[in-house]
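A look at the structure
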Amino acid sequence: MPFLRAGDLNLYYEVVGEGEPLVFVHGSWSDHTSWQPAIEADVRASFRVLSYDRRGHGRSEAGTGQGTRRQDEDDLAALIEQLGPAPAHVAGNSFGASTALGLAARRPELFRSITLHEPPLVAIVADDPAAMEDMGPAKASIEAALGLLRKGEHEEGARLFVEEVAMGPGTWDRLPAQVRDTFIHNAPTWLDEQSDPDWAGIDLDALAHLDVPVLLSGGSESPAWLSLILDRLADALPRARRQRLEGAGHIPHVTHPHEYVAALTRFLRRP
């Protein structure tokens, strides 16, 4: 199995296709396999696609002590530098989108383009009463899920998160057993991510100098507070474009892979 040494641990990765390098960065709870529907939607016909398991997820090793998003960013930098070659197109979902953008703020030379779907950078809208009010129910459910994980009740915490935050009531029992197992396996890493005091912030001043094309995508079925975060990022990024994916929610590469890949490839092929 292919592993890459990034700092203090080994990261599992897979590469398919030929062409310009495109790196997929998954969100919390999942792993590289969440990108398979998008890869099978034929994105590999145009790009050399690299997907990997972030530290603490899937087959990748977990670090010791409190993890940070900065570590995830440095892991992504190592992948691009060793497997890219740089600069690379990078597409991230949720926490993976936050990771990609955090690295771009520090290392813009590694990026040819950036596609971000709903990064949960809640700290940048903390001064927006509408965003905070809309976040209320999700925040309460997140705290409840964290409480379950702290007690070691990983399956219960994963079920609560899936049904009350990410995908809606009744979804857990409809998920394939392998997907449920992935959520349960990665639950401790989500708890670790949420314990990082800097997980939800970004340097907006640094983003104002980011001379890289950025696609900010959001699902029509996603909570309004995620759209408000995209609004704030669009104001900060000089080369940002917005994309609304009709009928999709927080993980369009899983639920609407053909629509997601169509939007992604249109953006990447623009002059």
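Up top is the structure these notes are about.
Below: a short report on this structure. (Residues numbered from 1 in each chain as written. Predicted model: local features only at pLDDT ≥ 70, side-chain atom pairs only at ≥ 80, totals over all residues. Heavy atoms only, no water.)

**Focus on the nonpolar core**
Threshold: Residues belong to a common nonpolar core when they are buried Ala, Val, Leu, Ile, Met, Phe, Trp, Tyr or Cys residues joined through side-chain atoms within 4.5 Å. Buried residues are those whose accessible area, probed at 1.4 Å on protein chains only, stays under 20% of the maximum for their type, while exposed residues exceed 50% and partly exposed ones sit between those limits. The contact definition used throughout considers only heavy atoms, calling two residues in contact when any of these lie within 4.5 Å.
Within the largest apolar cluster, 48 residues are counted, with the highest numbers of intra-cluster contacts made by Val23, Leu76, Leu101, Leu210 and Leu233. The contact partners of Leu76, leaving out residues within four places of it in the chain, are Val23, Val25, Tyr52, Val90, Thr99, Ala100 and Leu103. Among the nonpolar cores identified, the runner-up in size contains 19 residues, and Ala91, Tyr260, Leu264 and Leu268 belong to it.

**Considering the sheet that holds strand β3 (residues 20–25)**
Sheets are built from strands paired through backbone hydrogen bonds, the pairs being either parallel or antiparallel. Stated formally: Strands qualify as paired when DSSP identifies two bridges or more between them. Counting from the N terminus, the helices are DSSP H or I runs at least four residues long and the strands are E runs at least two residues long. Axis definition: a line fitted to C-alpha atoms, limited for helices to the stretch in contact. Angles are taken between N-to-C directions and run from 0 to 180 degrees.
If you walk across this open sheet you meet the eight strands as β1-β2-β4-β3-β5-β6-β7-β8, and the pairing is mixed. Single-partner strands in this sheet number two, and they are β1 (3–6) and β8 (240–245). Sheet twist, expressed as the average angle between the axes of neighbouring strands with direction ignored, equals 25 degrees. The pairing of β3 with strand β5 (residues 88–93) spans four bridges and is classified as parallel. Each bridged residue has a counterpart across the sheet, and for Val25 the counterpart in β5 is Gly92. Set on the sheet, helix α2 (residues 69–83) makes contact with β1, β2 (9–16), β3, β4 (47–52) and β5; between it and β1 the angle comes to about 120 degrees. Helix α11 (residues 257–269) contacts β3, β4, β5, β6 (111–117), β7 (214–219) and β8 of the sheet and is inclined by roughly 150 degrees relative to β6.

**Re helix α7 (residues 177–194)**
In an α-helix, one full turn covers 3.6 residues, which means residues spaced three or four apart are oriented alike. What counts here: The span expected for a helix works out to 1.5 Å for each residue beyond the first. Across the chain, bend at a residue is computed as the angle between axes fitted to the seven residues ending at that point and the seven starting from it.
Compared with an ideal rise of 1.5 Å per residue, which puts 18 residues at 26 Å, α7 spans 25 Å between its outermost C-alpha atoms and is within 8% of the ideal. At Ala187, α7 is bent by approximately 45 degrees, the largest bend along its length, and proline Pro188 sits one to four residues beyond. Among the residues making up α7, those that are buried are Thr182, Phe183, Asn186, Ala187, Thr189, Trp190, Leu191, Glu193 and Gln194. Buried residues in α7 make contact with α3 (95–106), α4 (129–150), α5 (154–166) and α6 (171–174).

**Things to note about the environment of His258**
Position of His258 among the secondary structure elements: in helix α11. Residues His258 and Ile39, spaced 219 residues apart in sequence, show a C-alpha to C-alpha distance of 9.6 Å.

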